[in-house]
Amino acid sequence: MTEFKRDGSHLAYCPPVEKWDDWVELDPQAWPRRVEKHYSLVPTICFNCESACGLLAYVDKETGQVAKFEGNPMHPASRGRLCAKGPATINQIHDPDRVLYPMKRSGARGAGKWARTSWDEVLETFGTRIRKAIQEGRGEDVMYHVGRPGHDFIMERTLQAWGIDGHNSHTNVCSSSARLGYLLWHYADRPSPDHANARFILLLSAHLESGHYFNPHAQRIIDGKMAGAKLAVMDPRLSNTASMADYWMPTYPGTEAAVLLAMAKVILDENRFDAIFVKNWTNWEELEVDGFRAQGQSFDALIEALKKHYAQFTPQFAEKESGVKAEIIVKTAREIATAGSRFASHLWRGSASGNLGGWQPARALMLLHVLTGSVGTEGGHNLNAWNKFVPKTFKVPPPQKRWNELLYPQEWPLCTHEMSFLLPHFLKEGRGRIEAYFTRVFNPVWTYPDGFSWIEMLRDEQKVGLHAALTPTWSETAWFADYVLPMGFSSERHDLMSQESYAGKWIGFRQPVNRVLRERAGEKFEYTYQANPGEVWEEDEFWINLSWAIDPDGSMGIRQYFESPYRPGQKLTVDEYYGWIFENSVPGLPETASKEGLTPLQYMRKYGAFEVTRDVYKQNEKPVAAADLAGSKVESNGVVTKDGKPVGVMVDNNAVVGYNTPSRKLELFSKTMADWKWPEFTLPEYYRSHIHRSAQAASMGQPGEDFDPQYMPVVEWPKDAHGDVYTLLPIFRLPNLIHTRSGNAKFLYEISHKNPLWVNPVDARKLGGVRTGDLMKVHTEIGYFVLHAWVTEGLTPGVVACSHHLGRWRINKEDQVERMSSAWVNLKEVGKGQWKMRQLESVSPYESADRETSRVWWSDAGVHQDITFPVHPDPVSGMHCWHQMVRVERAGADDKYGDIFVDTNLSFAVYQRWKALARPAPGPGGLRRPLWIPRVVRPEEAAYYIKKP
Ligand code: SF4
């Protein structure tokens, strides 16, 4: 296994830190002459996905420009390695078409007329509007909506300082279902698998090539494999990940839980489970199922009840549902049992994000971990909360008093995050209005389902009063904003980052490279935009200054949180904000820094990352702190409480902290599900997805016995939808593209610029002998899109697939989204809510300040599929269920590549059909949602009650 060493010796080669101030390499441009180039190397953090790998910016000492980015060997998670997107930061910062100055629209919304404005004008305009809204008690009309956060905590702090419930995120189109599945077991909503030390690794979807925490996890999965671990991959596609696996299990989409429960049945039936772990660390005594009550019964009786309950999940049943051979299911189950406590897995998007009931695969997967005792162990499944470091800041504002129902409406009380993708429908229903709207590295028109409903919302000034797009690039959404505010890339901003990359904790520091270098040379800057290209700013300073603009004299109580902790009454600087955190809340950092004669801030500016601790396992077994134990009592279920609040649990006669669940144990039985109107799902179960074959048959008027309308919505096809019914997999990532920010990364687009429709040869024959390159029309419930076919055996029959990473478009010929990555389109509303898009011109070479744009050789930007999808809110998790039931046919004579049609009237009707499946609050005691389940920017407890009991 690669062990991270602070001198970088875990790598075969890296520039030693003592030479970072003057690093010499031969100039590749001068080859074959040997010309030396001198660089200053400055660490920062990649911003091109959530992994937060360490970058090292090579700044040419002659020009002062960043010449390239490589990996920072001092970063404990990425350990000097990067994926293709990290070094491509160089394309983003030198993009000739990037937005360099704050822009204000000078025509109608969406008309594409812009004029340069100043940061002062922006602050004055928004400061005045927000101040008025807060003073009039309309604080919830201010909304911050984030796509890629890229920072920890500062926005939560800012919004609570303003006293508003205004944080919206993208999470419900990303990972909410997986999160719910995990947190129902153990409160933490993410896994932190210890891949490097595992003996068996099970990945649901393409985690090795494009997963969550992609590069840090990928290198540890390979570490594990090289040490002898076996790898199994469940994925309907033969992804690059599946091609590296010992077992490829091409499950029919949405049937993963059936396979996982069949594995659990094998382990139970063969008595290969870890009985001591299950007995000690689950709430088995609370279990009630099929008329069996565990309370007062023996553990053996519980096991018999479980065996009986899961008897239906035979490997043969799982094979019938999933298509995976029963003997493979049995074999992998036995290998998992053999790996025991060294069984690691990962599930994040894929089956969870694609499917109705997508939270059940996470619950079923965790059942395997519980049965094998591989929770909290070396080589097993750990909790994200144990491996992510979140530091404290000075002067934390109190929780807000109000509850914003545009974010957390009553219909989905168990949603883990804001119901963000339904915002246009909520506003259409008259549930509220937005006075000031900040979209931040967020492009819902393009990345969300039902993008035309977003356009309809954004262009309506009655619904959205003032909209600023804070973004490093032009986007389809920014086009409909009032202000486009340029924010920095990885090397142009400050942020703190930490992720659960391995069984340790680390913190990384993103920093503006030019400012840092110039300040080292003695220059002084008040704001980062003075050192960045043009007037590209960073959010930290923007929010500090906006908070001062809202409350200039401090009378609203807001400004105090943005004042220096060192200079009372003075405006907070970024050096002070981060300096205070590094000095006061990162254990071990001040001591380590002082050994080198550095302040903690200087240390982080020098190295860019710090490992807080490593080998973090079994945190649930930590003894309850003496202060909590004093005056505590043990309840009848073994929970240790103090002042009515749980602080631990008795296990083997020891008071240990346990998990943050109501039982302080892993919740095999979820009373929360029973209390919140889903008693049939108190145990991990198999929930048939909306694209299950029975639902497909129902859409054609022939529902089979597996179709149950209380759980599945009925699909109603538009009258002109023709062709056979398929399941479309629309969410697989291409490893070298970023959702919406790689449009200006020329080297990435050179590698990937097509998203054809994957079709299995069996289906190609059924569709009339379709061949690669043929033009196909794919009908969704609300419209259609037209694209080329790619006939491939790397996909389960009955399923078609298309990557969501491509299909960028622009309305103006010459500007907006980069020309190398977008098609110029004609966008028309041909009837009320009926939208047609046709590509007028695709990619071709063009002249710009970058001579390489004249060498663009590709001529395709792909097709935008997401905009043709209706919203599908899961009735429990609230997650948008991405997979689509579609009808596929050959394109007609009038159809052209890239054509799109959508009727938003139909999308509103689909929204209502799905909403009808939900089981709304109130829950016990008049609650909006369970108090124990986390909520982003948590309000005070009183706000949780619809009506106080
Ligand atoms: S995995 Fe790639 S894109 Fe993500 S942070 Fe690391 S280098 Fe950047």
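Refer to the structure above for everything that follows.
Computed from a predicted structure; not experimentally measured. (Residues numbered from 1 in each chain as written. Predicted model: local features only at pLDDT ≥ 70, side-chain atom pairs only at ≥ 80, totals over all residues. Heavy atoms only, no water.)

So, about the overall build of the chain. Across its full length, the chain carries 29 helices and 36 strands. A compact globule built from 949 residues would reach a C-alpha radius of gyration of about 30 Å, and the chain, at 27 Å, matches this within 12%. Looking at the 949 residues of the chain, the share that counts as buried comes to 66%. Taking the contacts inside the chain whose residues are at least 6 apart along the sequence as the reference set, 71% of them involve residues at least 24 apart. When the accessible surface of the chain is totalled, it reaches about 32,800 Å², and 50% of it is carbon and sulfur. Where the 110 positive side-chain charges of the chain centre and where its 114 negative ones centre are 0 Å apart. (Helix = DSSP H or I, 4+ residues; strand = E, 2+ residues; numbered from the N terminus. Rg over C-alpha atoms; globule rule 2.2 N^0.38 Å. Buried < 20%, exposed > 50% of the residue type's maximum accessible area, 1.4 Å probe, protein only. Contact = heavy atoms within 4.5 Å. Areas by Shrake-Rupley, 256 points an atom, 1.4 Å probe, with all protein chains shown as cover. Lys, Arg positive; Asp, Glu negative; His and termini not counted. Charge placed at Lys NZ, Arg CZ, Asp CG, Glu CD.)

Here we take up the pattern of salt bridges. Tallying each qualifying case throughout the model produces 70 salt bridges. Residues D895 and K777 are paired through a salt bridge, measuring 3.2 Å at the closest nitrogen-oxygen approach. Within this pair, whereas D895 is found in the loop between β35 (884-890) and β36 (900-903), its partner K777 is found in strand β29 (residues 775-779), the two being separated by 118 residues in sequence. An identical accessibility class is assigned to D895 and K777; each is buried. Sharing partners across several salt bridges, the network here consists of R129, K132, E136, R138, D141, R433 and E435. (Salt bridge = Lys/Arg side-chain N within 4 Å of Asp/Glu carboxyl O.)

To continue, consider the sheet that holds strand β7 (residues 142-146). An order of β6-β5-β19-β18-β17-β7-β8 is seen for the 7 strands of this open sheet, with the pairing classed as mixed. Of all the strands in the sheet, just β6 (114-116) and β8 (167-168) have a single pairing partner and so form its edges. Bridge count for strand β5 (residues 103-105) against strand β19 (residues 483-486) is 2 bridges, and the pairing is antiparallel. Residue pairing in the sheet places M103 in a bridge with V484 of β19. Most of the contacts of helix α2 (residues 119-135) go to β19, to which it runs at about 120°, and overall it touches β5, β7, β17 (434-440), β18 (464-471) and β19. The sheet strands contacting helix α18 (residues 451-458) are β7, β17 and β18, and the helix crosses β17 at an angle near 135°. (Pairing = 2+ DSSP bridges. Axes fitted to C-alpha atoms, helices over the stretch in contact; angles between N-to-C directions.)

Using the criterion set out here, one finds 55 aromatic pairs in the structure. When the centroid spacing of 5.9 Å and the interplanar angle of 65° are considered together, the rings of W403 and Y408 count as edge-to-face. You can call W403 buried: its relative accessible area is 11%. An aromatic cluster of at least three residues, connected via ring pairs, comprises W119, F126, Y144, W162, F438, Y483, Y527, Y529, W537, F542 and W543. The ring of Y58 carries the charged tip of K68 above its face, separated from the ring centre by 4.6 Å. Sitting over the face of the ring of W678, R919 holds its NZ or CZ atom 3.6 Å from the ring centroid. (Phe/Tyr/Trp six-rings, centres within 6.5 Å; stacked < 30°, edge-to-face > 60°. Lys NZ or Arg CZ within 6 Å of the ring centre and 35° of its normal.)

Tracing the sequence through the fold places H186 in helix α4 (residues 176-186). Looking at H186, the relative accessible area reads 1%, which means it is buried. In this view, H186 contacts M366, H381, L383, Y659, T661 and L666; residues no more than four positions away in its chain are not counted.

We now examine the packing of α4 against helix α14 (residues 359-372). In the contact formed by α4 and α14, the axes pass within 7 Å of each other and the chain directions differ by 40°. When the axes of α4 and α14 are compared, the pair comes out oblique. In this structure, α4 crosses over α14, and the sense of that crossing is right-handed. Across the interface between the two elements, S177, A178, L180, G181, Y182, L184, W185 and H186 from α4 touch W359, A362, R363, L365, M366, L367 and V370 from α14. Partitioned by chemical class, the residues of the contact of α4 with α14 number 11 nonpolar, 3 polar and 1 charged. (Parallel < 35°, antiparallel > 145°, perpendicular 65-115°, else oblique. Left-handed = near helix turned anticlockwise from the far one by under 90°. Nonpolar A, V, L, I, M, F, W, Y, C, P; charged D, E, K, R; others polar.)

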